[in-house]
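Summary of structural features
Chain residues, written in single-letter form:
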Amino acid sequence: MHGCGNDYIYVNAMQYPISNPSAAAIAWSDRHKGIGSDGLVLIDLSPVPEADYSMRIFNADGSEAMMCGNASRCIGKYLYEKTHPWPLPVMEGNGYQETKIRLLTKSGIKTLYLHIIEGIVESVTVDMGEPVLEDENLFLPSRAASLHTPLPHREGQGGGSALFVSMGNPHYVIFTDNVDQVGETGRVLEQHPAFPQRCNIEFAQPTPDGIRVRVWERGSGITQACGTGACATAVAACLTGRASRESDIIMDGGTLHIEWRESDNHVYMTGPAEFVFDGETEYT
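A short tour of the structure in this document, coming up. Worth saying up front: this structure is predicted, and the values here are computed from it rather than measured. (Residues numbered from 1 in each chain as written. Predicted model: local features only at pLDDT ≥ 70, side-chain atom pairs only at ≥ 80, totals over all residues. Heavy atoms only, no water.)

**Details of empty space enclosed by the protein**
Applying the stated criterion across every chain yields a total of 1 cavity of 30 Å³ or more. Quantified by volume, the largest cavity comes out at close to 90 Å³. Taken together, the residues of the lining of the largest cavity sort by class into 6 nonpolar, 4 polar and 2 charged. (1 Å grid on protein atoms, 1.4 Å probe; cavity = no way out; pocket = protein on both sides within 12 Å on 5 of 7 lines; lining within 4 Å. Points joined across faces, edges and corners; volume = space filled by probe spheres on them. Nonpolar A, V, L, I, M, F, W, Y, C, P; charged D, E, K, R; others polar.)

**Side note on the layout of surface pockets**
Size it by volume and the largest pocket reaches roughly 1,000 Å³. Together, 29 residues line the largest pocket, and Tyr10, Val11, Asn12, Asp278 and Gly279 are the ones closest to its centre. Those elements that place two or more of their residues in the lining of the largest pocket are β3 (9–12) and α2 (69–82). Here the lining of the largest pocket gets 4 residues from one element, more than from any other, and that element is β3. Considering only residue class, the lining of the largest pocket consists of 18 nonpolar, 7 polar and 4 charged. (Helix = DSSP H or I, 4+ residues; strand = E, 2+ residues; numbered from the N terminus.)

**Some details on the pairing of strand β14 (residues 210–217)**
Among the 8 residues of β14, 7 are classified as buried, and the element is accordingly described as predominantly covered. Relative to β14, strand β13 (residues 200–207) runs antiparallel, the two being bridged by 7 bridges. Pairing of Phe203 across the sheet is with Arg214, part of β14. Hairpin connection between β13 and β14: a loop of 2 residues separates the two successive antiparallel strands. (Buried < 20%, exposed > 50% of the residue type's maximum accessible area, 1.4 Å probe, protein only. Pairing = 2+ DSSP bridges.)

Here is the structure:
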């Protein structure tokens, strides 16, 4: 499945448990010798009563990720369209039906709102929670001076050209007129000592139609889209006066609508999810 081109291999671990998902992610994600993907996602029941289902994400290099917004939308579509009978309530919305899923991730429980038309999930809105601007486990300001792009202190956010934002995973958003530097610069900054657990790097350029973004994802490299990266970019753009609390984030694989609500300080991401194919593979 993919969300705006951010493609993962999804395994229903309720039926097919994977004993070594890190090794499977490396083997299967290879686009020449495997299936080809940005990583592997496992879908399972939640071990805690506060959530309905759980997800684990393994990047193409085998490292485990904390959260993926695009993957969470795909999980919502998979569960609704492939689980029969559907176990959770369905409500009527404005011209569509809606159902809610509480999804346990490594960065907490995320709520998915599935927008359904004639039995098909047309889009999903994910409550991504509150953004975090300071986290010493993910970002060390004392080591930021040597970053290629200067990072403003919080009191100087308005005129800054880059900003750290955590959406449950670390992001460094750089505002630039050269988003195509994603490969050469992103590769270096992912490993920068300012980021103890490495970092996702966004290159963002405001345009009349929205904010154009290209992403270097830690553990996967350049990807077509990044849901948490889109959220981090929207927050950074709002904080630096480049956008309002609602933004269209235009990524290589498609556009996500992001709303940073003032009422609860939560970030809401809306976008599509698509099936590509399913099949069988031998696993050892």
